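# Residue-level structural notes
Take a look at the letters that make up each chain.
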Amino acid sequence: MKPFAPAEICKIREDFPILQRKVHGDRDLVYLDNAATSQKPLCVIEALNHYYRQTNANVHRGMHALAEEATADYEAARAKVANFLGATDPKGVIFTRGTTESINLVAQCWGQQLQAGDEILISVMEHHSNIVPWQLIAQRTGATVKAIPLTSSGELDLEAFETLLNPKTKMLSLTQISNALGTVNPVKEMIAKAKANGTTVLIDGAQSAPHLPINLSELGCDFYACSAHKMCGPTGIGALIASPELLNAMPPWQGGGEMIDQVTIESSTWADLPYKFEAGTPNIGDAIAWASAIDYIQTLGMARIEATVQEVVNDAASRLEQEPGVRLTAHPTERGGAVSFWLDEIHPHDVAQLVDQSGVAIRAGHVCCQPLMKHLGHPALNRASYHFYNTQEETTRLLEAIRIARKIFGVA
Ligand code: PMP
């Protein structure tokens, strides 16, 4: 698939009001922190505005025009998420606050059946939100958390994976794309191996849903978690996608309104899916605005988004690699939107602050991956993360900013 041409990207950038702003006085903003959160096109901002101006009402209960409209739009958003990700049944789409909440839901509800001796397999490159929820349920049940190690190029060690996968492995929970290294993991093959072993699989799609065409019916995982805010949608909304059979077999998560069928003082019964897992008033406006983000990226086309991001990030990785004093943290065969690096003799926090003075927004720190930092032997890194609206000229601006930083530190 052909990446967007520079003129097309220029046009796309006009859809994002924030990309037109300046920072630190007169510096054009170069936003390379998309792995943390993406920017929002005008249609998403307007969808949210429209919802609160025209539709706002609670869903599934009121018998009036606004409540009916809000319910229809909220349920249409659910159907849109299902369709976008290739899920077979919208009843298997649970709206959550995002990837973190989705993984916690699975760990707490599905994980209740774990027993002493059972194993949960993750990897060393996981985000804290795909580590800590498993530790919490492991502590309660006596299960153990194990991690697939990495190769020197920053990929999953697939031989070690096959050795670690054993009859005690009840859950495999993996990120499809590393937020820290940019590595795209071969999850399809790994899911097939895990399923053949009788292991349930969760895929953390926080970084993959924004960048890759996803077809859950083909991928074959049991659970998939993602966040709207990384895919041009609003913060505070995301989803857990699973088969209705699996969700029906799980106990509910939070108790309250919406998730019940009958309540007495002694006991309660549960609503049908997906409501069993959506206690309380949901985040209606953001779900509706997420649907608008999905319309937007679907119109651009996920295959073209993937090609465009790969082109710009691969160019950035090779130019950063050639830059004096810069070392890449990983050399994966396939990259998602992120490239991370270190500058010799300058702490990543200083690097981020100095390049920010040139208007370039990158990330510094452990990027919520402390076990990965331990593996790399550094407490922190710098990360430039791209989306389809970023350009090669913006990488040039990053490189210029890095040269200024090195001069200031007297290492150039
Ligand atoms: N997993 C990965 C790989 C991520 O990059 C992130 C966000 N940085 C998360 C999980 C958590 O996502 P959220 O904060 O939207 O819940």
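Residues numbered from 1 in each chain as written. Predicted model: local features only at pLDDT ≥ 70, side-chain atom pairs only at ≥ 80, totals over all residues. Heavy atoms only, no water.

## Looking at the domain arrangement of the protein chain
With domains assigned, the protein chain is organised as domain 1 (6-31 + 302-408) and domain 2 (45-298). Of note, the centres of domain 1 and domain 2, computed from C-alpha atoms alone, are 28 Å apart. Between domain 1 and domain 2, the residue contacts involve 34 residues of the former and 29 residues of the latter. Of the roughly 2,500 Å² buried where domain 1 meets domain 2, counting both sides, 63% is carbon and sulfur surface. Inspection of the domain 1/domain 2 interface yields zero salt bridges. Applying the counting rule to domain 1 against domain 2 returns twelve residue pairs in polar contact (both at pLDDT 80 or more). For the side of domain 1 that touches domain 2, the elements supplying multiple residues, two or more each, are α11 (302-322), β14 (338-343), α13 (370-376) and β17 (381-385). Here the residues of the side of domain 1 that touches domain 2 are counted per class, giving 19 nonpolar, ten polar and five charged. (Domains from an automatic or database assignment. Contact = heavy atoms within 4.5 Å. Buried area = accessible area lost by both parts, 1.4 Å probe. Salt bridge = Lys/Arg side-chain N within 4 Å of Asp/Glu carboxyl O. Polar contact = N/O pair within 3.5 Å; in protein donor to acceptor, adjacent residues only side chain to side chain. Helix = DSSP H or I, 4+ residues; strand = E, 2+ residues; numbered from the N terminus. Nonpolar A, V, L, I, M, F, W, Y, C, P; charged D, E, K, R; others polar.)

## Things to note about empty space enclosed by the protein
Following the criterion strictly, the structure yields one cavity of 30 Å³ or more and no others. Reported here for the largest cavity is a volume of approximately 30 Å³. Around the largest cavity, the lining residues are H211, L212, I305, E306, V309, Q310, R335 and G336. (1 Å grid on protein atoms, 1.4 Å probe; cavity = no way out; pocket = protein on both sides within 12 Å on 5 of 7 lines; lining within 4 Å. Points joined across faces, edges and corners; volume = space filled by probe spheres on them.)

## A look at the sheet that holds strand β6 (residues 144-148)
With mixed pairing, seven strands are arranged side by side in an open sheet as β4-β10-β9-β8-β7-β5-β6. Among the strands making up the open sheet, the edge pair consists of β4 (93-96) and β6. The sheet shows a mean angle of 20° between the axes of neighbouring strands, taken without regard to direction. Two strands pair when backbone bridges link them, and strand β8 (residues 200-204) and strand β9 (residues 223-227) are joined in this way by three bridges, in the parallel orientation. Of the residues in β9, the one forming a bridge with D204 is A225. Against the sheet, helix α4 (residues 99-109) touches β4, β7 (169-175), β8, β9 and β10 (238-242), its axis set at about 155° to β9. (Pairing = 2+ DSSP bridges. Axes fitted to C-alpha atoms, helices over the stretch in contact; angles between N-to-C directions.)

## As for the site of the ligand
Taken together, 13 residues lie near the ligand, and T100, D204, Q207, S227 and K230 sit nearest. Measuring from an oxygen atom of the ligand, one finds a side-chain N or O atom of T100 at 2.6 Å. Coverage of the ligand by the protein amounts to 85% of the 390 Å² it exposes when considered alone. At a threshold of 2 Å from the grid points, most atoms of the ligand map onto the largest pocket. A class-by-class count of the residues in the shell around the ligand yields two nonpolar, nine polar and two charged. (Near = heavy atom within 4 Å. Areas by Shrake-Rupley, 256 points an atom, 1.4 Å probe, with all protein chains shown as cover. Sits in = over half its atoms within 2 Å of the grid points.)

## Overview of the packing of α11 against helix α14 (residues 392-408)
One can describe the packing of α11 onto α14 by two numbers: an axis separation of 9 Å at closest approach and a directional angle of 25°. Classified by the angle their axes make, α11 and α14 are roughly parallel. Judged by the sense of rotation from one axis to the other, the crossing of α11 with α14 is right-handed. Within the contact between the two elements, α11 uses E311, V312, D315, A316, R319 and L320 and α14 uses Q392, T395, T396, L398, L399 and I402. Of the residues contributing to the contact of α11 with α14, the split by class is six nonpolar, three polar and three charged. (Parallel < 35°, antiparallel > 145°, perpendicular 65-115°, else oblique. Left-handed = near helix turned anticlockwise from the far one by under 90°.)

## Quick notes on the packing of aromatic side chains
Counted by the stated rule, this structure contains eight aromatic pairs. Ring geometry for Y74 against F95: centres 5.1 Å apart, planes inclined by 40°, an arrangement best described as tilted. Pair noted here: Y74 is in helix α3 (residues 65-84) and F95 is in strand β4, with a separation of 21 residues, a long-range link. Its relative accessible area of 0% is what places Y74 among the buried residues. Taking relative accessible area as the criterion, F95 reaches 8% and is therefore assigned buried. With a centroid separation of 6.5 Å and 35° between ring planes, the pair formed by Y296 and F388 is classed as tilted. Separated by 92 residues along the polypeptide, Y296 in helix α10 (residues 284-300) and F388 in the loop between β17 and α14 bring together distant segments of the chain. For the pair shown, Y296 and F388 are each scored as buried. Site record: aromatic cluster; members linked through ring pairs are F16, Y296, F388 and Y389. (Phe/Tyr/Trp six-rings, centres within 6.5 Å; stacked < 30°, edge-to-face > 60°. Buried < 20%, exposed > 50% of the residue type's maximum accessible area, 1.4 Å probe, protein only.)

## Description of the environment of N390
Its location among the elements puts N390 in the loop between β17 and α14. Classification of N390 by relative accessible area gives buried; the value is 1%. N390 sits 376 residues away from E14 along the chain, and the two C-alpha atoms are 12 Å apart. Residues in contact with N390, not counting those within four places in the same chain, are I9, R13, Y31, L32, N34, V312 and S385. A distance of 2.9 Å separates the side chain of N390 from the side chain of E394, its partner in a polar contact.

## Some remarks on the sheet that holds β14
The sheet built from four strands is open, its strands ordered β13-β14-β17-β16 with antiparallel pairing. The strands lining the two open edges of the sheet, one partner per strand, are β13 (326-328) and β16 (363-365). Averaged over all neighbouring strand pairs, the angle between strand axes comes to 35°, with direction disregarded. Sheet topology places β13 next to β14; three bridges connect them, and they run antiparallel.

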